[in-house]
Every structure is written in structure tokens, then in C-alpha cells.
2 protein chains.
Amino acid sequence: MSEQKPGNRPRTDRPGTSRRAFLRGGSTLAVGALAGAATVPAHAAQPDPAITEIQEWNQYLGDGVDAFPYGAPSSFEKHVIRRNVPWLTADATASVNFTPLHELDGIITPNGLCFERHHAGIALVDPAQHRLMINGLVETPLVFTMADLQRFPRENHVYFLECAANTGMEWRGAQLNGCQFTHGMVHNVMYTGVPLRTLLQEAGVKTSGKWLLAEGADASAMTRSIPMEKALDDCLVAFKMNGEALRPEQGYPVRLVVPGWEGNMWVKWLRRLEVGDQPWHHREETSKYTDLLESGKARRFTWTMDVKSVITNPSPQAPITTGPGPTVLTGLAWSGLGTVTRVDVSVDGGRNWRPARLDGPSLSKSLHRFYYDFNWDGSELLLQSRAMDEFGNVQPTKEALRQARGENSIYHNNGIQTWYVQENGVTENVEVS
Amino acid sequence: MSEQKPGNRPRTDRPGTSRRAFLRGGSTLAVGALAGAATVPAHAAQPDPAITEIQEWNQYLGDGVDAFPYGAPSSFEKHVIRRNVPWLTADATASVNFTPLHELDGIITPNGLCFERHHAGIALVDPAQHRLMINGLVETPLVFTMADLQRFPRENHVYFLECAANTGMEWRGAQLNGCQFTHGMVHNVMYTGVPLRTLLQEAGVKTSGKWLLAEGADASAMTRSIPMEKALDDCLVAFKMNGEALRPEQGYPVRLVVPGWEGNMWVKWLRRLEVGDQPWHHREETSKYTDLLESGKARRFTWTMDVKSVITNPSPQAPITTGPGPTVLTGLAWSGLGTVTRVDVSVDGGRNWRPARLDGPSLSKSLHRFYYDFNWDGSELLLQSRAMDEFGNVQPTKEALRQARGENSIYHNNGIQTWYVQENGVTENVEVS
């Protein structure tokens, strides 16, 4: 379908950027005028007569409704993917990839772009054979099929999930050049599931039962200890995310949701819940996921993810390409304790702060989207954001964190991030003192 | 990796249901007990010693984090797809496919499962070449690139989009056996975009400008007239859905969002907005998308989608398979005017009603999720749901709609739907008088 059609103007070829190479390069319509638009407040140009030209996609039928029973993004969006850092871990089956935060907007993370962290690869579990057991200090040990779980009353909640190691590489200064890599171990979806409380009440927790061990069904048999108070509060045994079944890399067919607490506790491929009278001190809560302080002692059980924010645009992977003039700065803020009530933005490395605009539903323990719409004069910027939650907790500087915890830490870095925007719009990860 | 490993118990093969046939059939663990669980209030069984058996997925490493840069559902979920009805239209490029509502939960529709309706196939538009023009009765005609649009302040909102023809086949009685087909022309996502008002103010609408023509860039050049009052109210020029770029079949790179109004007005691949002093009366608002009454006259401009609901489970495609006992009935409710404040459920064809439990964020012009948790005694059921919105509008019976509008109609059927559940759990689309 790439032949010239009668009535078409001559066209110049452009390199094929998609699987549909027949969509050949077309009009240069009003491009001169539009380039100028970047410098005027209107940020748009008056129409050129060329607007009346018929584009390729006006002339031909596209794919029908039977083409994609399960849809996929446009071929022009192939760069919007999760990315891993091969040198970060010895093997991709015990590793992480990162959410492309700089390509997203709003507060929902699409399922295909939710970061993954697993310790023995993605377990492919047959839901018909999978079982969830509750044992230990309970009146009646129980085993549930997936069909059993779906007979209990359900709830729906949007929660962020953040890995405790998110931003961990930045303890020792600016390391990774892009918010996908510095902050991309977070995602935010709507979960559907049964309150953990309901299942524990069904089994009958004995009065001596103060702790819960959650165990995964993958080859790493991930285990974490959870205090009973949290287990009976807002945890979910979830089987859907953003409406559909959990994705395999997110624990299909069932995972634990531990709102506001570090992602490692949200055990995936959940197979067992054991009630006990004390924590188990397994590998993932001793040698890992504890914070080694300057003294050589480690903080035990740092569960809550503290109030935090990051500017996603502009950022190193998303520089300013439109020149001076009206510019949308945007980012994400969250708190493991509740809602974010305020985000301030600085363009001069933290000397002056202005309130950002929070937009979209404000949900507890969910990502919040903020914007700062400003008129860029083309000078250098040192961008920072600082979030505050409903309890008055304020995101600290990285320096304050280092003073409190030393430089041995990896986990729970909620420090203020700085991006340096050059006059040409190129943006870098830097640190200001 | 399917060979027997030392220490494994003998296994029985089961038919491969996934691309990973090496995940061979495993334990029959506690199946006898679990089958019995369906009849006891606990809806779960005490553990069988077999629970300690190691499943296949406990033993082997799965795929690493580099396997799926953009993720996909589990191979066990291949049946969860959009479906079209080949006999419904002459050609798949001017047709519809349907959201599998019976497979979903919560209120967010994942992008890959949002129903499609287009009139000339899916236009594959190059965002670098795409332009949006505002012309007509404006002070300054404007042309925007995609980069231009992204310099204006943005907003995020969750809105349902319902085709005016949703449930249209049901005017003449129960026709289609599944809520995917009777009610699946609806989806619900979070949009990110620029208020249409902002762009119109930038162009400067002349006092004579009372109507807006929205035009799509696909080969059908879809056009609809929108009154200026709505255009200046809550419409968005949106470029993201559920965080990521619009999907091609949803208008990539930019579509109009017309909250609460019929889906056909949400022009996709939006290329032009013309301001005029009267409606255009184009094809899609005269011969189509008007309601032909018994008198032979047609209702002109029936824009708002009235208050409506449907039970998604149980339903013909999702019968009760777990037998009598605790059962979760669930469904969706929505109103084009605002929030849904109440949903009632009947199990006896509308003779008695009980309030359902609304769950999840209650957002204006968004889907709402409701549940009715009950103990099924195994007898026949005639299930109905009836929604009410914040303005006191109550979903009518189909019979009331027919009395008001006759039987020529296709569009705007918000009548109460009935599912007949047999004693064996099989569920059918029926009508009660």
C-alpha cells in the first residue's frame, strides 16, 4: 500500500520506525511555524495551508477489531519498556528491572510496565493446582484453592509497591542517570483481594499468635515475618491487579499486599501463612533488608516506606527538547503512612520552594501525581521536589539521611533527588551540598 | 526440564495448558477435602499431608527480569480476551469487539482489554507528524504538534467510556448470552490530558461560537458536533490512558474525552476542532446515534449515558461452579451524570431488593464496583441489579424503556438485566415480565 495514489502530493521517504513501513513519511506541514511556537506563550502556531493535506492514515483502512484480542502499545512506543541493569546482579533470575517512570503520567502503572524483583525467576504457577495453607498457632489449619479464596468478600484498593532498595545506589552520591533507574522500583495499581484478616479469622488465630510468616511458591520460597497487628489491619490476599489477573512476575495467581510497607514483604506466588509467637529472622529480614548503620549495628525491621517524591519530567532520560517557554514539570510522591498532602518544588537546588499542584485522586498509600507548570527562561536549573504526608512527615535531604544513618545503607533512601538541567535542556543526575 | 528429579514423588501427567509444557501435573493435594469445602461455611479444608509436597514451580528457576521488557498476562489466562461477533457487522474494520467484563474485577480496565469500536480500522498515526488544528469561529486559528500539547497544564481523571449501542441488541428481548456481549462496550481508565477548555481559550472562541466539530484522523474522518457548554466544562484532549500512551485502537496519539457522554463523541486520532454557530448534523449524529421512536420520529442528540448497572458474576460466561454455600455476586454500575450512590440486587427477578456493597474509590462518571455476598442455597435464581446515582436517577426496567421509546431503538438501553441461574449453576440471559 505504499504506491503513490492519484491526488497525493510528492512525498519524501523517512526511515521506517515501525512494523508498518508502508506508512511513509508525509507532510512537513507548518513545521517552520511550529518550531517557532516553542518561544511564544501561545505554544502553538497559526495553521499553514498544508494542514489540509491528507496524511497516509486518512487514506487506508487499518486493522480490524479481530486483529488484537489482547492489545499492545503502538509500535511508536517501543522504547517504553522496563529495563534491567545487567551489571547490577550476577544473574537475571535473581535481579530487578525498573518501571519507566519518565514515560508515564497519572498515578496508575500499566501492568506491562510494573517493575519486577524476584529471586529465582518468574514462577509459572498453575492456578488449578495452587494452594494457600494457613498453619501454626491457629484453631483450624486450612488449605484454600483459588476458587475457595474467591468465595470470600473482596475489596479494591490502589496501593504503591516500593522495593526497600529503591534509590539505594544513591547513598554514595549520584550514580544512575535516569529516574527509571534511581526511582523505578515502584509501581501503583488497583488490587482486588480478600482481606488477610478474614482468612486469619477463618482459621482462628490463637492468643499466642503474634507473628505471621508469609511464604512464596517460587524456587526461592521467599519468606518474611509480619507482625499480627499489621496482618489484621489492611493487608490483602490479592488475585487481581488493575482489573485483570495478577501478572506472572507479580505473583500470579495470588500475592500478599502489605500497604505502605517494603515490597519484599508483599510475598508473591503466596503458598503458606504460618502463625507464630515470634519473628522467624529468615535470610530476607536479616542479612538482607536491614539497614547497616555507621556503628556496625543494623536497624531491624524497617518496614514502612517513608514519605518520598521524585521529578519524572524533566529528568535525565526525558530532557527538555522544546526550548524555553511554557514547560510542564511533573513527578510522583508517596508515603507508606497515608496520603501526600503537599509537594514543594525547587528550581534552584533547594534555596527557594514553591508548592506544586497535586492532581488526580488522593488515595492513602498510593502514588500521587504532582505538576509544576512554569515558564522556563532557558537558564540552568537544579530541580528538586519535597513531599509531605498527612502526618506532617517531610522528605529529608540525602545529607540528613547520611548524617543519621551513615553511608553503609542501601535500603530506605527517601532523600531529595536533584536533576541538573543545562541551558540546552540536557538533564543529569547530580548532588548539591 | 521435565525429567524426574531425585527426591520427587511420581507424578501423573496432565494435558499441557500452557506454552510451558514442562510444568507437568503435580499434586492432587487435599482435593477430596477441598471439594467438600464448597458446602461448609468455612469454605476451606483442613490441610492434607500432601500440602508438603513440592510443586514443579518450587524446583526450577523461572524467566529472568530481562525476559519481558513489556509484560503480558499468564499463559493460563489466554481466554481473557476481547471478542468480536463476526455476524454483527459486514467487516471487521467497521466493527466492535467487547470487554470481557466477567473476567475482571475492581474498576480499572487494563488497556489490552478495553473494547474497540472503529469505522475504518485502527489508524496507525506517527506522533511526530500528527497535528491538531483549531479553526472556525476563533480569534486565532492554531495548529498543535504533540510536543505543543504537552506544554499545557494537564489533569488526570478516571472516566468510563460507553458506546451508545451498548446493550442495544437487548431491546427486543434476551439476545446475547454473556455480559461481555450484552454490556461489554464499556471501559474505565485513568486519562491524562489537557482540558479542552484550555486549548479553546488559547485560540479564543468568538461570541458566535456555540458548537464544536471534532474530527478524527482515520480514514473514516469521524466527526461529531459538541455543544460549547460541554466543551468548556470537563472535556479533555487526552494522550495517556492508565499511565501510558493511548493504545492505537483508542486513538493514539490523542483523543477527545467527553465524560459521561456516548463513546462515539470521544473522537479518536483527533486532528481538528472547528468552532461553529450550529451543529453540523453529520452522518454519525443523524442516520446513526439517534433514537428512532415508535412514532417514526427520532430523538436528536441523546448524549448522556444514563444510570446503569450489570451483574458480571455470576453471568452466562461465568456460571457458579463451586456449588451452594458462600458466593460472591459482583458487578459494575455507572452514571454519565456523576457518582453512583446505591445499587440494589434482587435474586428473585425484581420482587425483593437488597442493598449491594459499593467498594473502591467512588469517582464521578467512573465505573463503580459492587458486591453482594450471600449464601446460595442451590435453588434457582433470577439475578438483577438496579443502580441509583447522586441525583436520584434510578435504572429502569427494559419494559419501562420500551413503553417510553417503543421497540425501534438501538441506543441508550440502560434497562435492568436479568440472569437466570439454574440449580447446577449454569446461567442464562433471560427476560422477566
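Small disclaimer: the values here were computed from a predicted structure and weren't measured.

Peer 1: Sorry if this is basic, but what is going on with the overall build of chain A here?
Peer 2: In terms of regular secondary structure, chain A is built from six helices and 24 strands. Within chain A, the proportion of its 433 residues that are buried is 53%. Sequence-distant contacts in chain A: of pairs separated by 6 or more residues, those separated by 24 or more amount to 69%.

Peer 1: Would you mind going over the sheet that holds strand 2 (residues 95–98) of chain B with me for this structure?
Peer 2: The strands making up a sheet associate through backbone hydrogen bonding, with each pair oriented either parallel or antiparallel. One open sheet holds the three strands; their spatial order is 1-2-3 (chain B), and the pairing between them is antiparallel. Each edge of the open sheet carries a strand with a single partner, namely strand 1 (83–84) and strand 3 (117–118) of chain B.

Peer 1: Explain the pairing of strand 4 (residues 132–136) of chain A here, please?
Peer 2: One face of the sheet, then the other: side chains in a regular strand alternate in exactly this way. Residue and element names in this part refer to chain A. Across the five residues that make up strand 4, a large majority, four, are buried. One ladder, built from three bridges, connects strand 4 with strand 5 (residues 142–144); its direction is antiparallel. Of the residues in strand 5, the one forming a bridge with I134 is L142. From the end of strand 4 to the start of strand 5, which pair antiparallel, there are five residues. Sheet analysis places strand 4 next to strand 13 (residues 270–276), joined by four bridges and oriented parallel. Following the sheet pairing, M133 is matched in strand 13 by R272.

Peer 1: Help me understand the pairing of strand 10 (residues 236–241) of chain A, please; the structure alone is not making it clear to me.
Peer 2: Residues and elements named next belong to chain A. A large share of strand 10 lies buried, amounting to six of its six residues. Judged from the five bridges that link them, strand 7 (residues 186–195) and strand 10 form a sheet pairing that is antiparallel. For Y191, the partnering residue across the bridge sits in strand 10 and is M241. Looking at chain direction, strand 10 and strand 12 (residues 255–257) are connected through three bridges and run antiparallel. Within strand 12, the position partnered with L236 by the bridge is V257.

Peer 1: When you look at the relation of the copies chain B and chain A in this model, what are you seeing that I'm missing?
Peer 2: The operation relating the pair of chain copies consists of a rotation about an axis and a translation along that axis. With an RMSD of 0.0 Å, chain B superimposes on chain A once it is rotated by 180 degrees and translated 0.0 Å along the axis. Here the transformation between the copies is reduced to the relation of a two-fold axis. Taking C-alpha positions as the reference, the residue of chain B nearest the rotation axis is P110 of chain B, at 3.6 Å. Residue by residue, 99% of the interface of chain B is reproduced at the interface of chain A, so both copies engage with the same surface.

Peer 1: Can you help me understand unusual backbone geometry in this one?
Peer 2: Excluding glycine, residues mostly have negative phi values, and the peptide bonds linking residues are mostly trans. Residue and element names in this part refer to chain A. Omega for the bond connecting N313 with P314 falls within 30 degrees of zero, at -5 degrees, which places this linkage in the cis form. Relative to the helices and strands, P314 is located in the loop between strand 16 (308–313) and strand 17 (325–334). Although it is not a glycine, H412 sits at a positive phi angle of roughly 60 degrees. Mapping H412 onto the fold places it in the loop between helix 6 (398–405) and strand 23 (418–421).

Peer 1: Explain the sheet that holds strand 4 of chain A here, please?
Peer 2: Residues and elements named next belong to chain A. Spatial strand order, 5-4-13-8-9: five strands in an open sheet with mixed pairing. The open sheet has two free edges, formed respectively by strand 5 and strand 9 (223–227), since each of these has just one partner strand. Between one strand and the next, the sheet's axes are offset by a mean angle of 20 degrees, whatever the strand orientation. Where strand 8 (residues 211–216) meets strand 9, five bridges bridge the pair, whose relative direction is antiparallel. Paired with L213 across the strands is S225, a residue of strand 9.

Peer 1: Got a minute to help me understand helix 4 (residues 196–203) of chain A in this structure?
Peer 2: In an α-helix, one turn spans 3.6 residues; hence positions three or four apart end up facing the same way. Residue and element names in this part refer to chain A. For helix 4, the full list of buried residues reads L196, L199, L200, E202 and A203. Across the axial projection of helix 4, the buried residues extend over an arc of 155 degrees, all falling on one side. Contacts made by the buried residues of helix 4 are with strand 4, strand 5, strand 7, helix 5 (228–231) and strand 10. One or two steps after helix 4, the chain reaches G204, where phi turns positive at roughly 80 degrees.

Peer 1: I tried to follow the environment of P86 of chain B on my own but got confused; where do I start?
Peer 2: Checked against the element boundaries, P86 of chain B lands in the loop between strand 1 and strand 2. Considering only alpha carbons, one finds P86 of chain B and R154 of chain B, 68 residues apart in sequence, at a separation of 39 Å.

Peer 1: When you look at the nonpolar core in this model, what are you seeing that I'm missing?
Peer 2: Where a protein is soluble and globular, its nonpolar side chains tend to be buried together. Counting 193 residues, the largest nonpolar core has V237, L256 and V257 of chain A together with V237, L256 and V257 of chain B as its most contacted members. In this structure L256 of chain B touches A214, C235, V237, W266, V267 and L270 of chain B, once residues within four positions along its chain are discounted.

Peer 1: Hey, could you run me through the environment of G378 of chain B in this one?
Peer 2: Residue and element names in this part refer to chain B. Structurally, the position occupied by G378 is in the loop between strand 21 (368–376) and strand 22 (381–389). The spacing of G378 and I416 is 38 residues in sequence and 24 Å in space, taken between C-alpha atoms. The contact partners of G378, leaving out residues within four places of it in the chain, are P324 and E423.

Peer 1: For this particular structure, what's the right way to read the confidence of the model for chain A?
Peer 2: Detail in the predicted coordinates should be disregarded across regions flagged by low pLDDT. Residue and element names in this part refer to chain A. Here chain A shows a mean pLDDT of 89. Residues at 70 or above account for 88%. Long-range and interchain partners of residues 1–43, a stretch whose pLDDT sits below 50, account for 71 contacts in this model, where long-range means more than four residues apart. Two summary scores accompany this predicted model of the complex, namely pTM at 0.90 and ipTM at 0.90.

Peer 1: Please clarify how the environment of T339 of chain B should be interpreted in this entry.
Peer 2: Residues and elements named next belong to chain B. By the secondary structure assignment, T339 is in the loop between strand 17 (325–334) and strand 18 (340–346). For the pair T339 and V310, spaced 29 residues apart in the sequence, the C-alpha separation amounts to 16 Å. With near-sequence residues (within four places) excluded, T339 lies in contact with S362, S364, D389 and E390.

About the criteria used
- Residues numbered from 1 in each chain as written.
- Chains lettered and ligands numbered in written order.
- Predicted model: local features only at pLDDT ≥ 70, side-chain atom pairs only at ≥ 80, totals over all residues.
- Helix = DSSP H or I, 4+ residues; strand = E, 2+ residues; numbered from the N terminus.
- Buried ≥ 20, exposed ≤ 12 C-beta atoms within 10 Å, placed from the backbone.
- Contact = placed C-beta atoms within 7 Å.
- Pairing = 2+ DSSP bridges.
- Least-squares fit on C-alpha atoms with pLDDT ≥ 70 in both.
- Axes fitted to C-alpha atoms, helices over the stretch in contact; angles between N-to-C directions.
- Arc of directions from axis to C-beta.
- Core = buried A, V, L, I, M, F, W, Y, C linked by C-beta atoms within 7 Å.
- pLDDT = per-residue confidence, 0-100.

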